[in-house]
Amino acid sequence: MSAPVLPLNSRGKLASSLPAEQLAEISALFEFRRKGYSLDAPFYTDATIFKMDMEAIFGQHWIFAGSVAELPEPGDYITVDYGPYSLIVLRNDDGGVNVLHNVCRHRGARVLTEAAGATGNLVCGYHSWTYSPEGNLIHASAPGEAKFDKNCFALKRAHGREVAGLIFVCIADEPPTDFDETSRIFEPYLAPHDLSKTKIAYQQNIIEEGNWKLVMENNRECYHCDGHPELACSLFPTWGLTEGLIPAHLEEVWDRNKEAQSSLEERCRRYGLPYEVVEELDTRIAGIRISRESLDGEGESFSADGRRLSKKLLGDLPDFRLGRCSMHLQPNSWFHFQSDHVITFGVFPINEHQSLVRTTWLVADDAVEGVDYDLEKLTYTWKQTNLQDKAFVELCQTGAGSPAYEPGPYMKSEYQVEAFINWYVQRVQEHLA
């Protein structure tokens, strides 16, 4: 990296862990970031900036971890790994979730090694230190340690909360408080789908050879949607475009989209469902975009003809023709809520050039595979789309590693990508301030 050296500010966490010159170099990259352009290569390739991302973004903000369908009963858990962190998210007897750092207080071993399961107490496989679901150390075989005080060695806790069936975690000492307001925005959109009465139909984990920001950027625009033939059957490829930006070959699609959206909004008004666009991707700390938008064809689901993919309606929804409620939350998630199933997407960074993308398909808890839905058909569109997106992200990651790379301009239809990057830059700079 090469950039002007700026005065240091010692308040940021990195100030205590990075050489001063290196911190100044990184700070300058953020300060002189060219708006409207993609980021400089080190943002996608540099291990130190990745470390800062983990501290300033994933160490400070609410992260989407999973849904209630993954933790239906007390004792059910998932483990969530990102960067250097591993968390246990466990359903407790009170119906809430306990979030615990998955690091044994003895020698630091992972306490739970499976991605999901059910447990009573939590037993470390190394020396059998045993913790309650609350994280309290309740047993440690320690011969001769007469003064060993177990109360001093509970698993470290993090914050967890559940909103409209989605589970979020935060490892900061003091989580951002404006998530409360963001929750009040999206809860009315999602509540009618009632995730508490859903189950997992399928979950897919893909490791993409790309920085987590490239994964998020790719998701925030449809400029590349010609590369998604399966998705384009039901998702209007004019998404993100406005009057005056419609290319000639999409004019007919644009007209069809407007008509479908008008019909959808009429149905939403009839049923009392919110559909308006709320877009605050970089104007609040817990950035969000949410709306209910029409789908092509029958307008019911992500299928080749837009027809439903599960026979069971979710929650109290009265109609299959409700398009998709689409939500994007900074920094690591997006969602599609249809009337017949829900798809959640979580991005979990592994290192500066690898990310885990977890996709989960949820259907009504009484839907029967083979009777009410065909699993292959249910998952087909997004399985194909995910593989195509993986290829796009990896193309960009390869390019960012080339000495010939330099930032290029975002097109007008990519304004949400710019909003994501703007949000990211603001949050890191606040952390360093």
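These figures come from a predicted structure and were not determined experimentally.

About the criteria used
Here the residue numbers are simple positions, counted from 1 along each chain's written sequence. Restriction of local features to residues with pLDDT of at least 70 applies here, the model being predicted, together with a cutoff of 80 or more for giving and counting side-chain atom pairs; totals for whole chains, interfaces and linings are based on all residues. Only hydrogens and water are set aside; all other atoms, that is, all heavy atoms of the structure, feed into the side-chain values. Salt bridge, as applied in this entry: a Lys or Arg side-chain nitrogen positioned within 4 Å of an Asp or Glu carboxyl oxygen. Helix and strand definitions follow DSSP, with helices as H or I runs of at least four residues and strands as E runs of at least two, each counted in order from the N terminus. The buried label applies to any residue whose accessible area, calculated with a 1.4 Å probe on protein chains only, is under 20% of its type's maximum; exposed applies above 50%, and partly exposed to all values in between. Side-chain atoms within 4.5 Å link the members of a nonpolar core, which is a set of buried Ala, Val, Leu, Ile, Met, Phe, Trp, Tyr and Cys residues. Should any heavy atoms of two residues lie within 4.5 Å, those residues are considered in contact. Candidate patch residues must exceed 30% relative accessible area and have no salt bridge, after which like charges are joined if within 9 Å and Val, Leu, Ile, Met, Phe, Trp or Tyr side chains if within 5 Å. In short, Shrake-Rupley with a 1.4 Å probe defines the accessible areas, and a residue's cover is counted only from the protein chains shown. Counted as positive: Lys and Arg. Counted as negative: Asp and Glu, with His and the chain ends omitted from the count. Note that the charge is assigned to NZ on lysines, CZ on arginines, CG on aspartates and CD on glutamates. Pairing of aromatic rings covers Phe, Tyr and Trp, the last through its six-membered ring, and needs centres within 6.5 Å; plane angles under 30 degrees mean stacked, over 60 mean edge-to-face, and all others mean tilted.

**Student:** I would appreciate a short explanation of the pattern of salt bridges in the present structure.
**Tutor:** Any two side chains of opposite charge can pair if their charged atoms end up close together. This model, assessed by the stated rule, comprises 22 salt bridges. The partner of Arg157 in a salt bridge is Glu134, and the shortest N-O contact between them spans 3.3 Å. Highlighted residues: Arg157 in strand β9 (residues 157-163) and Glu134 in the loop between β7 (130-131) and β8 (137-139), separated in sequence by 23 residues. Residue class for Arg157 comes out partly exposed when judged on its relative accessible area of 44%. In this structure, the salt-bridge partner of Asp296 is Arg256, at a minimum N-O distance of 2.7 Å. A residue pair is termed long-range when its members are at least 10 positions apart, and Asp296 in the loop between β13 (288-293) and β14 (324-329) and Arg256 in helix α7 (residues 251-271) qualify at 40 residues. You can call Asp296 buried: its relative accessible area is 10%. Taken together, the shared-partner salt bridges connect Asp178, Glu181, Glu280 and Arg284 into one network.

**Student:** Explanation requested: the nonpolar core in the structure shown.
**Tutor:** Across soluble globular proteins, nonpolar side chains show a tendency to be buried alongside one another. By size, the foremost hydrophobic cluster in this structure holds 100 residues, and its most contacted members are Phe186, Leu190 and Tyr424. Residues contacting Leu190, with those up to four places away along its chain left out, are Ala164, Leu166, Ile290, Cys325, Met327 and Phe337. Counting 14 residues, the second-largest nonpolar core is a separate cluster that includes Ile88, Leu90, Leu100 and Leu112.

**Student:** Sorry, what's going on with a negative patch on the surface here?
**Tutor:** On the surface, Glu251, Glu252, Asp255 and Glu259 cluster together into a negatively charged patch. Following the sequence through the fold, Asp255 ends up in helix α7. According to the relative accessible area criterion, Asp255 is partly exposed, its value standing at 46%.

**Student:** Just checking my understanding: could you explain the packing of aromatic side chains for this structure?
**Tutor:** When we look at a pair of aromatic rings, we describe it by the centre distance and by the angle of the planes. Tallying each qualifying case throughout the model produces 22 aromatic pairs. Between Phe30 and Phe43 the ring centres are 4.8 Å apart and the planes differ by 90 degrees, which places this aromatic pair in the edge-to-face class. A residue pair is termed long-range when its members are at least 10 positions apart, and Phe30 in helix α2 (residues 20-31) and Phe43 in helix α3 (residues 42-45) qualify at 13 residues. Each member of the pair Phe30 and Phe43 is classed as buried. Their ring planes at 65 degrees and their centres at 6.0 Å tell us that Phe64 and Phe168 sit as a pair that is edge-to-face. One end of the pair, Phe64, is in strand β1 (residues 63-67); the other, Phe168, is in strand β10 (residues 166-170), and 104 residues separate them in sequence.

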